[in-house]
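So the chains spell out like this:
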Amino acid sequence: PNNRMPAIVDPDGPGGKPISVFESGAILQYLGRKYGRFYPDAERARVQVEEWLMWQVGGLGPMAGQANHFNTYAPEKIPYAQKRYTNEVHRLLGVMDKRLATRKYLAGSYSIADMACRSWVLSAAAHVPLEEFVHLTAWRDRVGRRPAVQRGKAVAAQLRKPITKD
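Below you will find a few notes about this structure. Since this is a predicted model, take the numbers as computed values, not measurements.

Details of the nonpolar core
Nonpolar side chains tend to gather and get buried jointly when the protein is soluble and globular.
Here is step 1: Counting residues in each nonpolar core, the largest one holds 36 residues, and the members touching the most others are Leu60, Val89, Leu93, Met96, Val121, Leu136 and Trp139.
Here is step 2: Among the secondary structure elements, those contributing two or more residues to this core are α2 (43–73), α3 (79–100), α4 (112–124) and α5 (134–144).
Here is step 3: Among the elements that take part in this core, α2 stands out by supplying nine residues, more than any other.
Here is step 4: Discounting chain neighbours no more than four positions away, the residues touching leucine 60 are Trp55, Leu92, Leu93, Met96, Cys117, Trp120 and Val121.

Shown next, in the form of structure tokens:
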């Protein structure tokens, strides 16, 4: 409906009929429910996952995306925009670091919230020094060592094409 990625079509959706799902958060929730993994059934645990997933969807993702745009791709350098978005990403990474000081993963156990946040943390590293966020960098590395993450990175490396001006 949005004519943009991400979107999936599950040919074996509810009732055995195909279903299309768009937006990363909705896709993660759908897959978590369908396969019963990384998205808990217990309400309190689920609320924690949803809080951090929505935090990424409404905060970290958009702010890191804007920081990346204004610092890397904008045809005209706009110092105000560069500073505004870089500072907000820095603040958000501080929020994550504080959260991760008391737990291994954002919502306790590894979940779709961690999946949603990791790539934005990686992209933020181009504009914000992650070394000052000790708990965040430990989390980044811990998630990166997961075998499924390693397999996903290998697939992405095979499919990645250089960005062109076209």
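Notes on the packing of aromatic side chains
Here is step 1: Under the definition given, this model contains four aromatic pairs.
Here is step 2: Seen in terms of ring centroids, phenylalanine 38 and tyrosine 110 are 5.4 Å apart; in terms of plane orientation they differ by 85 degrees. Their pairing is edge-to-face. Note that phenylalanine 38 is positioned in the loop between α1 (24–35) and α2 and tyrosine 110 in the loop between α3 and α4, a separation of 72 residues in sequence.
Here is step 3: By relative accessible area, phenylalanine 38 is classed as partly exposed at 28%.

What about the side chain of serine 111?
Here is step 1: Tracing the chain through its elements places serine 111 in the loop between α3 and α4.
Here is step 2: Residue class for serine 111 comes out buried when judged on its relative accessible area of 1%.
Here is step 3: Apart from the residues lying within four places of it in its own chain, the contact partners of serine 111 are Phe38 and Val49.

Things to note about the packing of α2 against α4
Here is step 1: The geometry of α2 relative to α4 is characterised by a closest axis approach of 9 Å and an angle of 20 degrees between their N-to-C directions. Comparing their axes, α4 and α2 come out roughly parallel. The interaxial crossing formed by α2 with α4 has left-handed handedness. Here α2 contributes Val49, Trp52, Leu53, Trp55, Gln56, Leu60, Gly61, Ala64 and Gly65 to the contact with α4, which in turn contributes Ile112, Ala113, Ala116, Cys117, Trp120, Val121 and Ser123.
Here is step 2: Among the residues forming the contact of α2 with α4, the class breakdown is 12 nonpolar, four polar and no charged.

Concerning the side chain of aspartate 114
Here is step 1: Tracing the backbone shows aspartate 114 in helix α4.
Here is step 2: Buried within the structure, aspartate 114 lacks any salt-bridge partner; arginine 142 is the closest side chain of opposite charge, at an N-O distance of 7.7 Å.
Here is step 3: At a separation of 3.1 Å, a polar atom in the side chain of aspartate 114 contacts the main-chain amide nitrogen of leucine 106.
Here is step 4: Ignoring any residue separated from it by four or fewer positions in sequence, one finds aspartate 114 in contact with Tyr105, Leu106, Ser109 and Trp139.

Focus: the pattern of salt bridges
A side chain with one charge may pair with a side chain of the opposite charge, provided their charged atoms come close.
Here is step 1: Counting across every chain of the model gives four salt bridges.
Here is step 2: A salt bridge links lysine 34 to aspartate 10, with the shortest nitrogen-to-oxygen separation between them at 2.4 Å. One end of the pair, lysine 34, is in helix α1; the other, aspartate 10, is in strand β1 (residues 7–10), with 24 residues separating them in the sequence.
Here is step 3: Overall, the relative accessible area of 31% leaves lysine 34 in the partly exposed class.

Description of α4
Here is step 1: Counted at 1.5 Å a residue, the expected span for α4 with its 13 residues is 18 Å, and the 19 Å between its end C-alpha atoms agrees.
Here is step 2: The principal kink in α4, of about 25 degrees, is found at arginine 118.
Here is step 3: When α4 is considered as a whole, its buried residues turn out to be Ile112, Ala113, Asp114, Ala116, Cys117, Arg118, Val121 and Ala124.
Here is step 4: Close packing links the buried residues of α4 with α1, α2, α3, α5 and α6 (147–159).

Here we look at unusual backbone geometry
Here is step 1: A cis geometry characterises the amide bond from methionine 5 onward to proline 6, with omega recorded as 5 degrees.
Here is step 2: Summarising the element assignment, proline 6 is placed in the segment before β1.
Here is step 3: A positive phi angle, near 80 degrees, is found at glutamate 23, a position not held by glycine.
Here is step 4: Of note, glutamate 23 is situated in the loop between β2 (19–22) and α1.
Here is step 5: Given the relative accessible area of 38%, glutamate 23 is considered partly exposed.
Here is step 6: Not every positive phi belongs to a glycine, and phenylalanine 38 is a case in point at roughly 65 degrees.

Cut-offs used in this document
- Residues numbered from 1 in each chain as written.
- Predicted model: local features only at pLDDT ≥ 70, side-chain atom pairs only at ≥ 80, totals over all residues.
- Heavy atoms only, no water.
- Core = buried A, V, L, I, M, F, W, Y, C linked by side-chain atoms within 4.5 Å.
- Buried < 20%, exposed > 50% of the residue type's maximum accessible area, 1.4 Å probe, protein only.
- Helix = DSSP H or I, 4+ residues; strand = E, 2+ residues; numbered from the N terminus.
- Contact = heavy atoms within 4.5 Å.
- Phe/Tyr/Trp six-rings, centres within 6.5 Å; stacked < 30°, edge-to-face > 60°.
- Axes fitted to C-alpha atoms, helices over the stretch in contact; angles between N-to-C directions.
- Parallel < 35°, antiparallel > 145°, perpendicular 65-115°, else oblique.
- Left-handed = near helix turned anticlockwise from the far one by under 90°.
- Nonpolar A, V, L, I, M, F, W, Y, C, P; charged D, E, K, R; others polar.
- Lys, Arg positive; Asp, Glu negative; His and termini not counted.
- Salt bridge = Lys/Arg side-chain N within 4 Å of Asp/Glu carboxyl O.
- Polar contact = N/O pair within 3.5 Å; in protein donor to acceptor, adjacent residues only side chain to side chain.
- Expected span 1.5 Å × (residues − 1).
- Bend = angle between axes of the 7 residues up to and from the residue.

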